Amino acid sequence: MRITKYSHSCLRVEGDGVLVVDPGVFSERSALDGVDAVLVTHEHPDHIAVAAVVEAAQQRPGLQVYAHPDVLALLADFPGETVPVEPGQRFTVLGLNVTAFGGQHAVIHPDIPRITNVAYLVDDGSTNFYHPGDSFEVPAGASVETLFAPLHAPWAKVSETIDFVRKVKPGRAFALHDALLKENGAGLYDNLLGNLGGTDYARLAPGTVLS
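What this report covers is the structure whose coordinates are included nearby.

Cut-offs applied
Residues numbered from 1 in each chain as written. Predicted model: local features only at pLDDT ≥ 70, side-chain atom pairs only at ≥ 80, totals over all residues. Heavy atoms only, no water. Phe/Tyr/Trp six-rings, centres within 6.5 Å; stacked < 30°, edge-to-face > 60°. Helix = DSSP H or I, 4+ residues; strand = E, 2+ residues; numbered from the N terminus. Buried < 20%, exposed > 50% of the residue type's maximum accessible area, 1.4 Å probe, protein only. Pairing = 2+ DSSP bridges. Axes fitted to C-alpha atoms, helices over the stretch in contact; angles between N-to-C directions. Contact = heavy atoms within 4.5 Å. Expected span 1.5 Å × (residues − 1). Arc of directions from axis to C-beta. Salt bridge = Lys/Arg side-chain N within 4 Å of Asp/Glu carboxyl O.

1. Things to note about the packing of aromatic side chains
Move 1: Counted by the stated rule, this structure contains six aromatic pairs.
Move 2: For the pair Y66 and F91, a centre-to-centre distance of 5.3 Å together with 5° between the ring planes defines the contact as stacked. Here F91 lies in strand β7 (residues 90-93) and Y66 lies in strand β5 (residues 64-67), a separation of 25 residues in the sequence. Here Y66 matches F91 in class, with each residue buried.
Move 3: Ring centres of F129 and F148 lie 6.0 Å apart, and the angle between their planes is 85°; this geometry places the pair in the edge-to-face category. Taken as a pair, F129 in strand β10 (residues 128-131) and F148 in strand β11 (residues 146-150) lie far apart in primary sequence, 19 residues in all. You'll find F129 and F148 in the same group, each marked buried.
Move 4: Here the aromatic cluster, defined as three or more aromatic residues joined through ring pairs, consists of F129, F148 and F174.

Following this line, the structure appears as structure tokens:
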């Protein structure tokens, strides 16, 4: 399983095929080159760029999108295949075992209705990674090797990210949801996560391939 971190919340996973997680409007369209399947955590445009995903399906007949039904409603005329996902569900995509967690987006403000959010634990049989989407949902009962931790968002504060990393107790952690930060702020957050998260932590430049 070869993982490439793209901008913001987008991951590209290559193995028996190409799986992309949360290709949003802040992410590079090139993440979808040759894609076979897409996982989407929730409906916000920074996690699914609908036009880009539809274009990818036009170029890749048979492209599958796995997401909660609320997200799939955005793809009514999608030319590929859509597969509904609910929290607690387990399924296989391109030879990878996926477990869905969560259910709700983190609270932005009490006056803003919450939407669905599905977090994904992806396992290739030898290692795994966890993508929480816009949540601090801890994957109960799971041992996480690689955690992608939301670094900055309107719904988050850094103490919550630190506590999230501590609760998950991953082998290592990388920044997720970081496109809204300028470099000075990102560096400050990096120092806090690195010093207080309790695991190896890094923020990766877009296009970085994990080893």
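Let's pick the thread back up.
2. Remarks on the sheet that holds strand β12 (residues 172-176)
Move 1: One open sheet holds the seven strands; their spatial order is β7-β8-β9-β10-β11-β12-β13, and the pairing between them is mixed. Each of the sheet's edge strands pairs with one partner strand only, and the pair in question is β7 and β13 (200-202). For this sheet the average axis-to-axis angle between neighbouring strands, irrespective of direction, equals 25°.
Move 2: Against the sheet, helix α3 (residues 158-168) contacts β10, β11 and β12, and its axis sits at roughly 160° relative to β11.

3. Concerning helix α4 (residues 183-196)
Move 1: Between its first and last C-alpha atoms α4 spans 20 Å; for 14 residues at 1.5 Å apiece the expected length is 20 Å, and the two agree.
Move 2: Within the span of α4, buried status applies to A186, Y189, D190 and L193. End-on view of α4: buried residues confined to an arc of 105°, all on one side of the axis. Counted as exposed and oriented over 90 degrees from the buried face of α4: N184, L188 and N195.
Move 3: Here the buried face of α4 lies against α3 and β13.
Move 4: Of the residues trailing α4, G198 is marked for its positive phi of about 85°.

4. Looking at the pattern of salt bridges
Move 1: For the structure shown, the criterion picks out seven salt bridges.
Move 2: The shortest N-O distance in the salt bridge between K5 and D178 comes to 3.8 Å. With K5 in strand β1 (residues 2-5) and D178 in the loop between β12 and α4, the pair connects residues that are 173 residues apart, well separated along the chain. Across the pair, D178 and K5 agree in class, each one buried.
Move 3: With a shortest N-O distance of 2.7 Å, R203 and D190 are connected by a salt bridge. Highlighted residues: R203 in the loop between β13 and β14 (208-209) and D190 in helix α4, separated in sequence by 13 residues.
Move 4: Looking at D190, the relative accessible area reads 16%, which means it is buried.
Move 5: Connected through shared salt-bridge partners, R2, R12 and E14 make up one network.

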